[in-house]
Structures are given as C-alpha cells and as structure tokens.
Amino acid sequence: MTTLKLFDIEHAWGLPRKVSPRFGARLILRGLHLDFLTDRASFIGNFTPEVAERFNQAFPKLIKQLEQLVVTGEIDATKQRCVTIEHANFTCEADTLGSHGYLYIAIYQTADKPLPALTHSPSITL
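Just so you know, these numbers come straight off a predicted model, no measurement behind them. (Residues numbered from 1 in each chain as written. Predicted model: local features only at pLDDT ≥ 70, side-chain atom pairs only at ≥ 80, totals over all residues. Heavy atoms only, no water.)

Take the nonpolar core next. In terms of nonpolar packing, the biggest core is built from 25 residues, with Phe23, Leu27, Leu66, Phe90, Leu103, Ile105 and Ile107 touching the most fellow members. Counting residues per element, this core draws most heavily on helix H1 (residues 49–71), which supplies 9 residues. Setting aside chain neighbours within four positions, we find leucine 103 in contact with Ala25, Arg26, Leu27, Leu29, Leu34, Leu66, Ile75, Ala94, Asp95 and Thr96. (Core = buried A, V, L, I, M, F, W, Y, C linked by side-chain atoms within 4.5 Å. Buried < 20%, exposed > 50% of the residue type's maximum accessible area, 1.4 Å probe, protein only. Helix = DSSP H or I, 4+ residues; strand = E, 2+ residues; numbered from the N terminus. Contact = heavy atoms within 4.5 Å.)

Now the structure itself:
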C-alpha cells in the first residue's frame, strides 16, 4: 500500500482541467474589478518561450474581458457558473464556484481545448 504525504501532492491554483500546459489562478472579485495575486497562481506544464510571450501579451486582455462579464452580471460572485472566453488563441475558463469573492480561472492554448464529453442516450426499442 502506498501512503501519500502532503508534500507528494502538487498544489495547483485555478480550475482543475485535464489539459497541460495551462495556467491557473484564483482572482479576487473586488466590486466590478478583479485583483490578481501572483502567489495564488500556478502553471501546470510549460509553455514554449514563444507561447509564453503570447500568453504574457494576452493575459491582461483576458482579465479585461472577464471584468466586462462581471460588469454585465454574466459572472456573479454568488452563483456558480462557468464561462469561457477566447483571445489570441488562448481559452480562458472562469467560475466563482459560488465562493462569494473569488474567481477561479484556467487558461490554455485553444488548440489544446479538451473535447466535450460525449453523452450517450440509450436507444429504446419497442
């Protein structure tokens, strides 16, 4: 039997997604603005240097788009709802998880977007 110790578990911020590389963070909802704290963010996997540079350029624009969704009420601090936005070939998923003050995000290259789960409806034969 294997015993997991606390230091064996990688801590990752943001929304858990089955895509790598990705960036995750927990932002603070302050009124109609979002605050980003670097100690509440992490990368899973590594972007190439070129992709990392594009990410650095796209990140502030993605945050501005998320703030617009807060202003319009599409993101509500009291309700859990996942929204997805795209910019410069990056996909950003964001959800408050009903936390009343935080917005959890995951950002990855749009080309790496996981396929939606297939739903199977059983056929009924009469």
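Quick look at the pattern of salt bridges now. According to the stated counting rule, one finds 6 salt bridges in the structure shown. Note that aspartate 39 is salt-bridged to arginine 40, the shortest N-O span being 3.2 Å. Given a relative accessible area of 47%, aspartate 39 falls into the partly exposed group. Between arginine 81 and glutamate 74 there is a salt bridge, with the nearest N and O atoms lying 3.7 Å from each other. Since its relative accessible area comes to 44%, arginine 81 is described here as partly exposed. (Salt bridge = Lys/Arg side-chain N within 4 Å of Asp/Glu carboxyl O.)

For the rest of this paragraph, the subject is the confidence of the model for the protein. Caution is warranted with low-pLDDT regions, since their predicted coordinates should not be read in detail. With 82% of its residues at a pLDDT of at least 70, the protein reaches an overall mean of 85. Across residues 1–9 the pLDDT falls below 50, and counting only partners more than four positions away or on other chains, this stretch makes 1 contact in the model. Here residues 118–126 scores under 50 on pLDDT; set against residues more than four positions off or in separate chains, the count is 0 contacts. (pLDDT = per-residue confidence, 0-100.)

This part covers the pairing of strand S4 (residues 83–87). Pairing of S4 with strand S5 (residues 90–95) involves 5 bridges; the strand directions are antiparallel. By the bridge assignment for S5, glutamate 86 is matched with threonine 91. The hairpin formed by S4 and S5 contains 2 residues between the paired strands, and alanine 88 there has a positive phi angle of roughly 50 degrees. (Pairing = 2+ DSSP bridges.)

What follows is about unusual backbone geometry. Here serine 20 and proline 21 are connected by a cis peptide whose omega angle stands at 5 degrees. You can see proline 21 is positioned in the segment before strand S1 (22–30). Phi at leucine 97 is positive, roughly 55 degrees, even though this residue is not glycine. Counting through the fold element by element, leucine 97 comes out in the loop between S5 and strand S6 (102–109). Assessed through its relative accessible area of 39%, leucine 97 is described here as partly exposed.

Within the secondary structure, aspartate 95 is located in strand S5. Buried charge aspartate 95 goes without a salt bridge, the closest partner of opposite sign being arginine 17 at 5.9 Å. Polar side-chain contacts of aspartate 95 include one of 3.2 Å to the backbone nitrogen of arginine 81. When near neighbours in sequence (up to four residues on either side) are disregarded, aspartate 95 contacts Leu15, Gln80, Arg81, Cys82, Leu103 and Tyr104. (Lys, Arg positive; Asp, Glu negative; His and termini not counted. Polar contact = N/O pair within 3.5 Å; in protein donor to acceptor, adjacent residues only side chain to side chain.)

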